[in-house]
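Okay, here's what each chain looks like letter by letter:
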Amino acid sequence: MPDSRSLSPRLRALRPESFGADPAGERMARIRRSPNFADGVFQNPVGARTRPAGSMTEFAKVYFRKEERALRSPEGNVPVHATTVADLAKPPASGLRLTWMGHSTVLAEIDGRRVLFDPVWGKRCSPFSFAGPKRLHPVPLPLAALGPVDTVVISHDHYDHLDLPTIKALAGTDTVFAVPLGVGAHLERWGVPAARLRELDWNETAEVAGIRLTATPARHFCGRGLRNQQHTLWASWAVAGPEHRIYHSGDTGYFPGFVDIGAAHGPFDATMIQIGAYSEYWPDIHMTPAEGVRAHLDLQGGKPGGVLLPIHWGTFNLATHPWAEPGEWTRDAAGEAGQAVALPRAGEPFEPTGKIPSEPWWRAVSPPVAHPWRATVEPDTAPADRSGLGLAEEQHT
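Conventions we followed
- Residues numbered from 1 in each chain as written.
- Predicted model: local features only at pLDDT ≥ 70, side-chain atom pairs only at ≥ 80, totals over all residues.
- Heavy atoms only, no water.
- Helix = DSSP H or I, 4+ residues; strand = E, 2+ residues; numbered from the N terminus.
- Buried < 20%, exposed > 50% of the residue type's maximum accessible area, 1.4 Å probe, protein only.
- Contact = heavy atoms within 4.5 Å.
- Areas by Shrake-Rupley, 256 points an atom, 1.4 Å probe, with all protein chains shown as cover.
- Expected span 1.5 Å × (residues − 1).
- Core = buried A, V, L, I, M, F, W, Y, C linked by side-chain atoms within 4.5 Å.
- Pairing = 2+ DSSP bridges.
- Phe/Tyr/Trp six-rings, centres within 6.5 Å; stacked < 30°, edge-to-face > 60°.
- Salt bridge = Lys/Arg side-chain N within 4 Å of Asp/Glu carboxyl O.
- Axes fitted to C-alpha atoms, helices over the stretch in contact; angles between N-to-C directions.
- Left-handed = near helix turned anticlockwise from the far one by under 90°.
- Nonpolar A, V, L, I, M, F, W, Y, C, P; charged D, E, K, R; others polar.

**Q** Looking at this structure, I do not really get the overall build of the chain. What am I missing?
**A** For the chain, the count of helices and strands is ten helices and 14 strands. The buried share of the chain, reckoned over its 397 residues, is 56%. Long-range pairs, those at least 24 residues apart, make up 69% of the contacts in the chain between residues at least 6 apart in sequence. Total accessible area on the chain stands at roughly 17100 Å², and carbon and sulfur atoms take up 54% of it.

This is the structure we're talking about:
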């Protein structure tokens, strides 16, 4: 009979590399000292169900229903911006430029520095190369063509935000990694030196190359392995340069804390807000498009301001809603709020103070998407304002 005291280390040695590593030693001691850690796990700012709610039988029916499955993927090749490399070679005139690379990956060029959020260049968001959600469009440019990055910012350790092959490629550069508390254990296993890690609890700040990065609260959860011990934190991020401020939500359910984040770190020139992969089965940990717009307004002091860039949609099929629904509904909700929203193709750079991409490009590869409170606006009948949004219609509640 094997010695139980030696079995655990042996099993840990067999742990797949993609699962990362569990925090230990001083890192785990720091986690236990965190004001956000209680009863052996990290806690959300307000209560949140992290497991699917409702009937799993009904969920399975919805998930496998043929008609609805067909709507969860584009009908053709998703358009991707063709000149990303050349466009990024020119510095932003305003000092702030954002390039959505798909899903939650955004390159932010802010006040002469380059910050890369949640970089995912892998073909699947999965611990395995042969299974799991597959990318629905190609990456706009090879990672090697992106050029030097001052800071890589990670929101949490789920596979669609923390991608092993991408991190291993970036580990060989000089970039600094800003991550939530506990996530550094994964990165160290994958070859990132501890000296290039800035591991933060909520409301802690690190300065890298003159840019201030603050980990701010979010309402989500964590975990990569078979056992989710909730020992790695999840976060949103407020990033400030000498002239500009931006915000990246990571994954989060709606919660009142957006008001406090905005008051402490805003207003923001631009926010990157999660508006996809929502479901009535997990309403506490992902926002709907309407909630995403509401979160942006909270961050801006309760009124329209800056530019909202929708993220966490279009690249992977992670929920039961139609593929194009997050883009369409965010466009509608922002229009009704009078909020400027950027709708770039993957890889299309834009400056928030300049011309904002506004074309509903997804309509070319998706059937019309009905809105819960308004009729679908046809492309050739929608009058456009600065943001390319249709004129607001009355919302019926």
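Moving on from the coordinates now.
**Q** Would you mind showing me how to read helix H10 (residues 325-337) here?
**A** Side chains that are three or four residues apart share a direction in an α-helix, a result of its 3.6 residues per turn. Under the 1.5 Å per step criterion, the end-to-end length of H10 is 18 Å for 13 residues, consistent within 8% with the ideal 18 Å. Counted residue by residue, H10 has eleven buried out of 13 residues, so it is predominantly covered. If you check which residues of H10 are buried, you get Glu-325, Pro-326, Gly-327, Glu-328, Trp-329, Thr-330, Arg-331, Asp-332, Ala-333, Ala-334 and Gly-335. On its buried side, H10 packs onto helix H9 (289-299) and strand S14 (307-311). Gly-338 occupies a position one or two residues after H10 and carries a positive phi of about 75 degrees.

**Q** So what exactly am I meant to see when it comes to the nonpolar core here?
**A** Side chains of nonpolar character tend, in soluble globular proteins, to be buried together. Counting residues in each nonpolar core, the largest one holds 70 residues, and the members touching the most others are Leu-98, Phe-117, Trp-237, Ile-246 and Leu-309. When near neighbours in sequence (up to four residues on either side) are disregarded, Phe-117 contacts Ser-104, Thr-105, Val-106, Ala-108, Val-153, Trp-237, Val-239, Ile-246, His-248 and Met-272.

**Q** When you look at the pairing of strand S3 (residues 96-102) in this model, what are you seeing that I'm missing?
**A** Strand residues, when the strand is regular, have side chains that alternate between the two faces of the sheet. When you tally the buried positions in S3, you get seven out of seven residues, the bulk of the element. The hairpin formed by S3 and strand S4 (residues 105-110) contains two residues between the paired strands, and His-103 there has a positive phi angle of roughly 55 degrees.

**Q** Is there a simple way to explain the packing of aromatic side chains in this structure?
**A** Within a pair of aromatic rings, the relevant descriptors are the distance that separates the centres and the angle that separates the planes. Tallied over the full model, the rule gives 13 aromatic pairs. An angle of 40 degrees between the planes, with centres 5.6 Å apart, marks the rings of Tyr-254 and Phe-258 as tilted.

**Q** Even after reading the chapter, I still don't get the pattern of salt bridges, so can you show me in this structure?
**A** Side chains bearing opposite charge may pair, as long as their charged atoms lie close to each other. Across all of its chains, the model carries ten salt bridges by this definition. With a shortest N-O distance of 2.9 Å, Glu-199 and Arg-27 are connected by a salt bridge. Of this pair, Glu-199 sits in strand S8 (residues 197-200) while Arg-27 sits in helix H2 (residues 25-33), placing them 172 residues apart in sequence. Accessibility classification places Glu-199 together with Arg-27 in one group, the buried group. Between Arg-345 and Glu-359 there is a salt bridge, with its nearest N and O atoms 3.0 Å apart. Of this pair, Arg-345 sits in the segment after H10 while Glu-359 sits in the segment after H10; the two residues are 14 residues apart in sequence, bridging distant segments of the chain. For Arg-345, a relative accessible area of 22% corresponds to the partly exposed category. According to the relative accessible area criterion, Glu-359 is partly exposed, its value standing at 44%.

**Q** Any chance you could explain the pairing of S4 here in plain terms?
**A** Across the six residues of S4, six count as buried, placing the element largely inside the fold. Side chains Thr-105, Leu-107 and Glu-109 of S4 all project onto a buried face; the interleaved residues Val-106, Ala-108 and Ile-110 project onto the opposite face, where all are buried too. The hairpin turn running from S4 into strand S5 (residues 113-117), its antiparallel successor, is two residues long, and Asp-111 in that turn takes a positive phi close to 50 degrees.

**Q** What is the right way to read the packing of helix H8 (residues 257-265) against H9 from this model?
**A** What describes two packed helices is the angle between their axes and the distance between those same axes. Two numbers describe how H8 lies on H9: the axes approach to 7 Å, and their chain directions differ by 35 degrees. Considering only the axes of H8 and H9, their crossing is right-handed. Along the contact surface, H8 presents Phe-258, Val-259, Ile-261 and Gly-262, while H9 presents Ala-295, Asp-298 and Leu-299. Taken together, the residues that form the contact of H8 with H9 break down as five nonpolar, one polar and one charged.

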